[in-house]
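Tertiary structure, described
The lines below spell out each chain.
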Amino acid sequence: MTEVNRYISKHADSLAVEVVESAMSKMQLDISDWEKEQAIKMYVEVFSFLGEYLFVDECEKAPEALLEWSKKNSEMQAMSGGDINEILVRYPPTREVFIEIITRISIELNLSVAENAAIIKHVNKLLDISLNETFYSYIRLSNQYKADKESELLKLSAPIVPVQNDIVIVPIIGYINSNVARHVLDNVIPKIAEMEVNYVIADFSGALTLNTEIAAFLHQLAQTLSLMGVQVITTGLRADIVQSIVNGGMEIRTVRSFATVKQALENLG
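Here we summarise the structure given alongside this text. (Residues numbered from 1 in each chain as written. Predicted model: local features only at pLDDT ≥ 70, side-chain atom pairs only at ≥ 80, totals over all residues. Heavy atoms only, no water.)

**Examining the pairing of strand β3 (residues 199-203)**
Burial of β3 is extensive: 4 of the 5 residues sit out of reach of the surface. In terms of strand pairing, strand β2 (residues 167-171) meets β3 through 5 bridges, oriented parallel. Bridging across to β3, V170 finds its partner in A202. Each parallel crossover has a hand, and the one from β2 via helix α8 (residues 178-195) to β3 is right-handed. Pairing between β3 and strand β4 (residues 231-235): 5 bridges, direction parallel. Looking across to β4, one finds that I201 is bridged to I233. (Buried < 20%, exposed > 50% of the residue type's maximum accessible area, 1.4 Å probe, protein only. Helix = DSSP H or I, 4+ residues; strand = E, 2+ residues; numbered from the N terminus. Pairing = 2+ DSSP bridges. Right-handed = clockwise from strand over helix to strand, strands pointing away.)

This is the structure in structure tokens:
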């Protein structure tokens, strides 16, 4: 086993290149030169680590480069919106290449079957650690990315547009759901209160929702602002949305409504 350690350490660079190129060939995979270079660097460290721990029966450590490489793969995949399976499918052929290389070295150095199995066990443990790190990092990063993206979309769904000293327009854009409604109540309305305006024009011409949620949202918006002494004026309510309001039994007769923002501003002027 000492001889195996010496062999792996001496040939770590060429073995790393062999792993990457053989795995790429098996999968008929075409990757960038940068990605290939990073993979080779990582496997050089993996082979060095493998040689170091050949005499250790149980080792929970893993080379830092392997963990960082796994995280980086996950990050690139999550940020691009790619499927984690595009990465995970690379592990079986990579594992196969590793086993072929270790078996070849074992034959060259006249290792026993038990010794060959011990080395393969270490290889499998390292690849399993990388596999787990890749999967869980992807889930973590993907969830964070989705949360950040949703937060940004919420900010765009109901911006505040001041037009006069006592009038602001709040364009309601996209699909109205509970998240949008909560965002408006928790973030938009408090900002309107700080601006000390008398009128809020809620423009629904950009709303895409065609169900009763928009009716409930409008009802809640009008009630909340009226308690603050702010009058709500709606614009851009399409016929299908008005029908949803009527069918939903919402009482919004106190809310003035106009076809367009221009008409509302002319009326207030």
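After that view, the rundown keeps rolling.
**What about the environment of A264?**
Among the secondary structure elements, A264 is positioned in helix α11 (residues 261-268). Assessed through its relative accessible area of 0%, A264 is described here as buried. A C-alpha to C-alpha distance of 10.0 Å links A264 and D203, two positions 61 residues apart in sequence. Contact partners of A264, with chain neighbours within four places excluded, come to I201, I233, T235 and F258. (Contact = heavy atoms within 4.5 Å.)

**Notes on empty space enclosed by the protein**
Enumeration according to the criterion identifies 3 cavities of 30 Å³ or more in this entry. Considered as a void within the structure, the largest cavity measures approximately 210 Å³ in volume. Every residue lining the largest cavity is counted, 16 residues in all, and those nearest its centre are A39, Y43, W69, R90 and T94. Among the elements of the structure, α2 (12-27), α3 (33-52), α4 (64-80) and α6 (91-108) are those that each provide at least two residues to the lining of the largest cavity. The dominant element in the lining of the largest cavity, judged by the number of residues it contributes, is α2, at 5 residues. For the lining of the largest cavity, the residue count by class is 12 nonpolar, 2 polar and 2 charged. (1 Å grid on protein atoms, 1.4 Å probe; cavity = no way out; pocket = protein on both sides within 12 Å on 5 of 7 lines; lining within 4 Å. Points joined across faces, edges and corners; volume = space filled by probe spheres on them. Nonpolar A, V, L, I, M, F, W, Y, C, P; charged D, E, K, R; others polar.)

**Here we look at unusual backbone geometry**
Of note, N110 is a non-glycine position whose phi angle comes to about 55°, a positive value. With respect to the helices and strands, N110 occurs in the loop between α6 and α7 (113-157). Of the residues examined, N110 reaches a relative accessible area of 68% and is grouped as exposed. For E196, which is not glycine, the phi torsion reads 55° and is therefore positive. Positionally, E196 belongs in the loop between α8 and β3. Its relative accessible area of 68% is what places E196 among the exposed residues.

**Focus: the pattern of salt bridges**
Scanning the entire structure with this criterion turns up 11 salt bridges. Ionic pairing is found between E35 and R90, a salt bridge with its closest N-O pair at 3.0 Å. One end of the pair, E35, is in helix α3; the other, R90, is in the loop between α5 (85-88) and α6, and 55 residues separate them in sequence. Through salt bridges with shared partners, one network takes in E18, R104 and E108. (Salt bridge = Lys/Arg side-chain N within 4 Å of Asp/Glu carboxyl O.)

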